[in-house]
2 protein chains.
Amino acid sequence: MRNYKRSPLMEERLAANRQRILDAARTLVARGGLREAQIGAVAAEAGLSSGAIYRYFPSKAELFVDVLTEAVRQEIEILDAIAAGPGTATQRLTLAVESFVRRALRGPNLAYAFIAEPAEAEVDAARIRCRMMFGDVFKRLLKEGIAAGEFPAQNVDASAACIVGAYTEALVGPIAPATRSTRSQDRLIESVRDFCVRAVGVSAPITPTARTRKSAAKG
Amino acid sequence: MRNYKRSPLMEERLAANRQRILDAARTLVARGGLREAQIGAVAAEAGLSSGAIYRYFPSKAELFVDVLTEAVRQEIEILDAIAAGPGTATQRLTLAVESFVRRALRGPNLAYAFIAEPAEAEVDAARIRCRMMFGDVFKRLLKEGIAAGEFPAQNVDASAACIVGAYTEALVGPIAPATRSTRSQDRLIESVRDFCVRAVGVSAPITPTARTRKSAAKG
DNA sequence: CATATTTGTGAAGCACAATTCACTTTTTGA
DNA sequence: TCAAAAAGTGAATTGTGCTTCACAAATATG
């Protein structure tokens, strides 16, 4: 028995286990935050023993960096698609913020829980990188809008960070927990979206169903 | 020896110790975040033994709730003074954001480190309350501005939260660490300030030395 | 000054949760 | 079917840092 080789079936099962661990971790974080997502709990949720986790991930920190990375990658893809899509920069910015906030509120998407929550240094570092990635999407959008004359000149680094900060706070801060009904969620989404759009200096405020109106007179 | 009474001198020394503990904790947090501020370190910094801490505070959590509360109270006082002061709502908002960001960047004021950092549930709860207190100051300002016709109607709860989130992110997020020179700090302060002012819907953007200009034409 | 009371000390105790490891079960290859 | 290899188990180990506590030092009272 020199040459041990995993059968394709086994290979698959292992990959499935790994994914189940990631999913379990994600679920627990979405449910109760990183605080609740202990190795034991993750293992139980995944239907494995705590020891088994360490066959798949070298440490708790690395596990959660992976969870975070995966969750954020999905979000970034969506944001990127919107940013690269059709329409004016204003329209795309509007859509990007709205879509992010809506998805976050819907949960258990948890990218948002991750952006905001604390953890061991290693995970923390990954979180900062992720916030930066989100910021970069907006930064690009801002540059385009400024070039197109839609937005006034501004410090795009700062504005991008402010946008990320603004909707994060609105999502995980004191406001969100009180926001339960679909009705009030919609209101929150609109409010945050409009806040961000105004913040980058769009002169004609956007109304619920946004369309470009070059000729719009301002009050 | 039935009726033991502390001499005034002793009373004073105890109060001084208590304050020294609070200061030590504050210093350590400002220096290395909550992560570094362990009971042992706080005790050493205060020139006491770890056991002594527990003569003054029932637990680490309560100690840090007190530290946080004290730090935030100072900030709120300043913000409140600005909010209640003279000038249009726009001017006061401008000044409030600018002043907060400037003070935070100056450090070791650490109110900001506290707003953003994680901790045990108890401290976390206090942090949320504090963010709400900051939000409330802006909320009032927004209401006034709307009443005065300076800002368009908007969800003041959401906008206030967004403002707090925006400058917090700009301060503790990815941007701030790179911001070292006074020059670039000034730029950051201006950028964040302008972002927030535009965000609430002031039609005429504010320039470094702000003045109201009703008639400003747009490009 | 003698004694009760409070304050200060810091090593020991404790709780909690990550990680390891001796062992069992399962899979693989002959 | 059997032995080597790998995967899985979960109780024991470990590390970390808050909290306690038996004792010492200081302070107050008679």
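For every chain, the first residue of the written sequence is number 1, and numbering continues from 1 along that sequence. Here every chain gets a letter starting at A, and every ligand a number starting at 1, in the order they are written. In keeping with the predicted nature of the model, local features appear solely for residues at pLDDT of at least 70, side-chain atom pairs appear and are counted solely at 80 or more, and the whole-chain, interface and lining totals rest on all residues. The basis for every side-chain value is the complete set of non-hydrogen atoms in the structure, without hydrogens or water.

1. Observations regarding the confidence of the model for chain A
Residue and element names in this part refer to chain A.
Thinking step 1. Per-residue pLDDT for chain A has a mean of 83; in total, 82% of the residues score no lower than 70.
Thinking step 2. The pLDDT score gives, residue by residue, the confidence of the prediction method on a 0 to 100 scale. Per the convention used, a helix needs a DSSP run of H or I reaching at least four residues, while a strand needs a run of E reaching at least two, with both numbered from the N terminus. The least confident element of chain A, judged by mean pLDDT, is helix H9 (residues 175-178) at 58; the most confident is helix H3 (residues 50-56) at 98.
Thinking step 3. A low-confidence stretch, residues 205-219 stays under pLDDT 50, and its non-local contacts, those more than four residues away or across chains, total 15 contacts. Residue contacts are defined here by distance: any two heavy atoms, one from each residue, within 4.5 Å place the two residues in contact.

2. A look at the packing of aromatic side chains
Residue and element names in this part refer to chain B.
Thinking step 1. Aromatic contacts are taken between Phe, Tyr and Trp rings whose centres are within 6.5 Å, Trp giving its six-membered ring; a plane angle under 30 degrees counts as stacked, one over 60 as edge-to-face, and the others as tilted. The tally for this structure, following the rule as stated, stands at seven aromatic pairs over all chains.
Thinking step 2. With a centroid separation of 4.7 Å and an interplanar angle of 35°, the aromatic rings of Phe100 and Tyr167 are classed as tilted. Taken as a pair, Phe100 in helix H5 (residues 89-106) and Tyr167 in helix H8 (residues 156-172) lie far apart in primary sequence, 67 residues in all.
Thinking step 3. Remark: exposure states derive from per-residue accessible area (1.4 Å probe, protein chains only) relative to the maximum for the residue type, with buried under 20%, exposed over 50%, and partly exposed in between. On the basis of relative accessible area, Phe100 is assigned to the buried category, the value being 2%.
Thinking step 4. The interplanar angle of 55° and the centroid separation of 5.9 Å between the aromatic rings of Phe138 and Tyr167 together place this pair among those described as tilted.

3. Considerations on the environment of A:Ile146
Residue and element names in this part refer to chain A.
Thinking step 1. Structurally, the position occupied by Ile146 is in helix H7 (residues 121-147).
Thinking step 2. A residue is classified by how much of its surface remains accessible, and Ile146, at 24% relative accessible area, is partly exposed.
Thinking step 3. It is 8.7 Å that separates the C-alpha atoms of Ile146 and Ala89, two residues lying 57 residues apart in sequence.

4. A closer look at the relation of the copies chain A and chain B
Two copies of the chain are present, and they differ by a rotation about an axis and a shift along that axis.
Thinking step 1. Its rotation angle being 179°, the transformation that places chain A on chain B also includes 0.1 Å of axial translation and leaves an RMSD of 0.2 Å. Seen this way, the second copy is the image of the first under a two-fold rotation axis. When each C-alpha of chain A is compared by its distance to the rotation axis, A:Ala199 comes out closest, at 1.7 Å.
Thinking step 2. The fraction of interface residues of chain A whose copies in chain B are also interface residues reaches 100%, indicating that both copies meet through the same surface. Here the copies are superposed with least squares, the fitted atoms being C-alpha atoms of residues at a pLDDT of at least 70 in both.

5. Observations concerning the interface of chain A and chain B
Thinking step 1. Counting residues at the interface gives 36 residues for chain A, matched by 37 residues for chain B.
Thinking step 2. Together, A:Glu169, A:Phe195 and A:Arg198 form the three largest contributors to the area buried by chain A at its contact with chain B, with a combined 21%.
Thinking step 3. Throughout this description, the term salt bridge denotes a Lys or Arg side-chain nitrogen within 4 Å of a carboxyl oxygen of Asp or Glu. If you look at where chain A meets chain B, you find two salt bridges.
Thinking step 4. Ionic pairing is found between B:Arg131 and A:Glu169, a salt bridge with its closest N-O pair at 2.3 Å.
Thinking step 5. Each polar contact in these results corresponds to two N or O atoms within 3.5 Å; when the atoms are within protein, one needs to be able to donate a hydrogen and the other to accept it, and residues that are neighboring in sequence are counted only if both atoms are side-chain atoms. The interface formed by chain A and chain B holds eight residue pairs in polar contact (both at pLDDT 80 or more) in total.
Thinking step 6. Elements represented by at least two residues in the side of chain A that touches chain B include exactly H7, helix H8 (156-172) and helix H10 (182-199) of chain A.
Thinking step 7. At eleven residues, the largest contribution of residues to the side of chain A that touches chain B is made by H8(A).
Thinking step 8. Each residue receives one of three labels: charged for Asp, Glu, Lys and Arg, nonpolar for Ala, Val, Leu, Ile, Met, Phe, Trp, Tyr, Cys and Pro, and polar for the others, Gly being one of them. Residue composition of the side of chain A that touches chain B, grouped by class: 20 nonpolar, seven polar and nine charged. As used here, buried area is the combined drop in accessible area, with a 1.4 Å probe, of two parts when they are placed together.

6. Points about the environment of A:Gly135
All names here are of chain A.
Thinking step 1. Inspection of the secondary structure assignment puts Gly135 in helix H7.
Thinking step 2. Through-space distance from the C-alpha of Gly135 to that of Ala161 is 5.6 Å; in sequence the pair is 26 residues apart.
Thinking step 3. Leave out the neighbours within four places in its chain, and Gly135 touches Ala160 and Val164.

7. Quick notes on the side chain of A:Glu98
Residue and element names in this part refer to chain A.
Thinking step 1. Residue placement: Glu98 occurs in helix H5 (residues 89-106).
Thinking step 2. Reaching out from Glu98, the side chain makes a polar contact with the side chain of Arg193 at a distance of 2.9 Å.
Thinking step 3. Residues within four places of Glu98 in sequence aside, it is in contact with Ile189 and Arg193.

8. Side note on the environment of A:Ala161
All names here are of chain A.
Thinking step 1. One can find Ala161 in helix H8.
Thinking step 2. With a relative accessible area of 7%, Ala161 lands in the buried category.
Thinking step 3. For the pair Ala161 and Phe138, spaced 23 residues apart in sequence, the C-alpha to C-alpha distance is 8.5 Å.

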